[in-house]
Amino acid sequence: METNQILETIRMIEEENLDIRTITMGISLLDCIDSDSDKACEKIYQKITTKAKDLVKVGEAIASEYGIPIINKRISVTPIAIIGAASDETDYVKYAKTLDKAAKEVGVDFIGGFTALVEKGYQKGDRILIDSIPKALAETDFVCSSVNIGSTKAGINMDAVGHMGEIIKKTAAASDLGCAKLVVFANAVEDNPFMAGAFHGVGEADCIINVGVSGPGVVKRALEKVKGESFDVVAEVVKQTAFKITRMGQLVGRAASERLDVPFGIVDLSLAPTPAVGDSVAHVLEEMGLETVGTHGTTAALALLNDAVKKGGVMACNHVGGLSGAFIPVSEDAGMIDAVNNGSLNLEKLEAMTAICSVGLDMIAIPGDTPAASISAMIADEAAIGVINHKTTAVRIIPAEGSKIGDTVEFGGLLGRAPVMKVNPAASTDFIARGGRIPAPIHSFKN
């Protein structure tokens, strides 16, 4: 690298909140399947603690040597619904506690994969796992859970949509942070390094390293230098900035891969905000000329940002994957929180934005007395956007027990704080009660 590039990278880290958000080790548990759940759990614990024993140490060494902050070290595993189905257990909390114990042993921040894939229907393990979610998340510290209820190829499993509305309510009642660790997906991807939705897909290698980068602050600072310029210039600046950020992610991923003797998987390009000042996706959009995120023009600004990030990223790295774009989690983004509090941003506008962004309705607090059917209907709406547009969408909704609109719910750390948002009071009960499947769209048939 030339001297000016080195200095630019140092500035990005010190002044603009550039970091590697996560290095995530994906571990297959397919060889841990056993009809005896105790034996299966022992195999799971041994494999995770063997494969990931040096993950945290290596991550800290790379951060120290390169001067690049690596915020989280995480693990994703094969969906536990698949592993547990071989046993006669009637709940899978035992498996969740095994994952939690292994995560604590190796020192990672989160472990994802307490997961079921039910886009076209349930197998035995799926229903058991889903029913286990509230207790599993209440009785563990680091386990994250996800359920895929739809895909462009399969349509939307409305029975699962209705089920998940009830599960989210039960999870909120069982623990304060449980719903922050639970994501409901359509078109979930198998190589996502970000929590809470990470799991290790069955099409992945036995063990892999995936990297999630970040850098909203870097993008905002770059846009500050082109005030008043055309959108052609804006797009080019974002693209060039994303190239630099992704290069750094690839550097870290390859270094971790070599030191851990594990294949390098992908870099996820997603701009992931934090509650820290200067690390907001909302502020990037406002730098394009919006008075506040949520006003008219927000969706167009987000479309430009997402597209330019992807164009810059794929030029920087051959293996781009995960979700790759821009996250808009309300509780984790200071600008989004401000926009909700000043009345500029509501659930309806966030839903429109999810047609463009990486994920969907993410880290949104709603009143605790919101009916389960209304939560299910939010999931159905998001799934429809994903299924029709052939993209990943998700819902991470948090019914805040005892709260009302305008209250603030504190989560702490990277999860931040969330203002409780208004939900449409009109009922969706009869709609959700229909069940069945919403068929796959006509454009899904491409063979």
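Just so it is clear, the structure is predicted and the values come from calculations on it, not from any experiment.

Let us look at the overall build of the protein. Assigned secondary structure in the protein consists of 15 helices and 13 strands. Its C-alpha radius of gyration of 21 Å places the protein within 12% of the 22 Å reference for a compact globule of 447 residues. Along the three orthogonal principal directions, the C-alpha set of the protein runs to about 60 × 55 × 50 Å. Here the protein, with 447 residues, has 60% of them falling under the buried criterion. When contacts within the protein are restricted to residue pairs at least 6 apart in sequence, long-range pairs at least 24 apart make up 78% of them. When the accessible surface of the protein is totalled, it reaches about 17,400 Å², and 51% of it is carbon and sulfur. Across the protein, the mean location of the 42 positive side-chain charges is 3 Å away from that of the 57 negative side-chain charges.

Tallying each qualifying case throughout the model produces zero disulfides. With no disulfide of its own, cysteine 144 lies 12 Å from the sulfur of cysteine 179, the closest cysteine sulfur. Owing to a relative accessible area of 1%, cysteine 144 belongs among the buried residues under this scheme. The thiol sulfur of cysteine 207 is not disulfide-bonded, and the nearest other cysteine sulfur, from cysteine 32, lies at 12 Å.

Take the pairing of strand β6 (residues 182–186) next. In regular strands, side chains alternate between the two faces of the sheet. Along β6, five of the five residues are buried, which leaves the element largely enclosed by surrounding structure. Taking every second residue as pointing to the same face, both faces of β6 are buried, with Leu182, Val184 and Ala186 on one and Val183 and Phe185 on the other. As judged from the five bridges shared by strand β4 (residues 143–151) and β6, these two strands associate in the parallel manner. Within β6, the residue paired with glycine 150 across the bridge is alanine 186. With three bridges joining them, β6 and strand β10 (residues 393–400) adopt antiparallel strand pairing. Directly across from valine 184, in β10, lies its bridge partner valine 395.

Moving on, we come to the pairing of strand β1 (residues 20–27). The buried count for β1 comes to eight of eight residues, which makes it a mostly enclosed element. As defined by bridge partners, β1 adjoins strand β7 (residues 207–213) across seven bridges and the pair is classed as antiparallel. Directly across from isoleucine 27, in β7, lies its bridge partner cysteine 207.

What follows concerns the packing of aromatic side chains. Counted according to the given criterion, the structure contains one aromatic pair. On the basis of an interplanar angle of 80 degrees and a centroid distance of 5.4 Å, the ring pair of tyrosine 92 and tyrosine 95 is categorised as edge-to-face. Both residues of the pair, tyrosine 92 and tyrosine 95, count as buried. Positioned above the aromatic ring of tyrosine 45, the side-chain terminus of lysine 101 is 4.8 Å from the ring centre.

With that out of the way, let us pick up the layout of surface pockets. Summary: where empty space remains is shown by rolling a probe the size of a single water molecule over the atoms. Estimated volume of the largest pocket: approximately 580 Å³. Those elements that provide at least two residues to the lining of the largest pocket are β2 (70–77), α6 (124–138), β6 and β10. For the lining of the largest pocket, the per-class residue count stands at 21 nonpolar, six polar and eight charged.

What follows is about the environment of threonine 408. When you line up the elements, threonine 408 lands in strand β11 (residues 408–410). Residue class for threonine 408 comes out partly exposed when judged on its relative accessible area of 40%. Separated by 43 residues in the primary sequence, threonine 408 and alanine 365 place their C-alpha atoms 8.4 Å from one another. Sequence-distant contacts of threonine 408, defined by excluding residues within four places in its chain, comprise Arg417, Ala418 and Pro419.

Looking now at the packing of helix α3 (residues 55–66) against helix α9 (residues 231–260). Packing of α3 against α9 brings their axes to within 10 Å, and their N-to-C directions diverge by 135 degrees. Here α9 runs oblique to α3, going by the angle between their axes. As α3 packs across α9, the resulting crossing turns out to be right-handed. For the pair α3 and α9, contact is made by Leu55, Val58, Ala61, Ile62, Glu65 and Tyr66 and by Leu251, Val252, Ala255, Ala256, Arg259 and Leu260, respectively. When its residues are assigned to classes, the contact of α3 with α9 shows ten nonpolar, no polar and two charged.

Analysis parameters
Residues numbered from 1 in each chain as written. Predicted model: local features only at pLDDT ≥ 70, side-chain atom pairs only at ≥ 80, totals over all residues. Heavy atoms only, no water. Helix = DSSP H or I, 4+ residues; strand = E, 2+ residues; numbered from the N terminus. Rg over C-alpha atoms; globule rule 2.2 N^0.38 Å. Buried < 20%, exposed > 50% of the residue type's maximum accessible area, 1.4 Å probe, protein only. Contact = heavy atoms within 4.5 Å. Areas by Shrake-Rupley, 256 points an atom, 1.4 Å probe, with all protein chains shown as cover. Lys, Arg positive; Asp, Glu negative; His and termini not counted. Charge placed at Lys NZ, Arg CZ, Asp CG, Glu CD. Disulfide = S-S within 2.5 Å. Pairing = 2+ DSSP bridges. Phe/Tyr/Trp six-rings, centres within 6.5 Å; stacked < 30°, edge-to-face > 60°. Lys NZ or Arg CZ within 6 Å of the ring centre and 35° of its normal. 1 Å grid on protein atoms, 1.4 Å probe; cavity = no way out; pocket = protein on both sides within 12 Å on 5 of 7 lines; lining within 4 Å. Points joined across faces, edges and corners; volume = space filled by probe spheres on them. Nonpolar A, V, L, I, M, F, W, Y, C, P; charged D, E, K, R; others polar. Axes fitted to C-alpha atoms, helices over the stretch in contact; angles between N-to-C directions. Parallel < 35°, antiparallel > 145°, perpendicular 65-115°, else oblique. Left-handed = near helix turned anticlockwise from the far one by under 90°.

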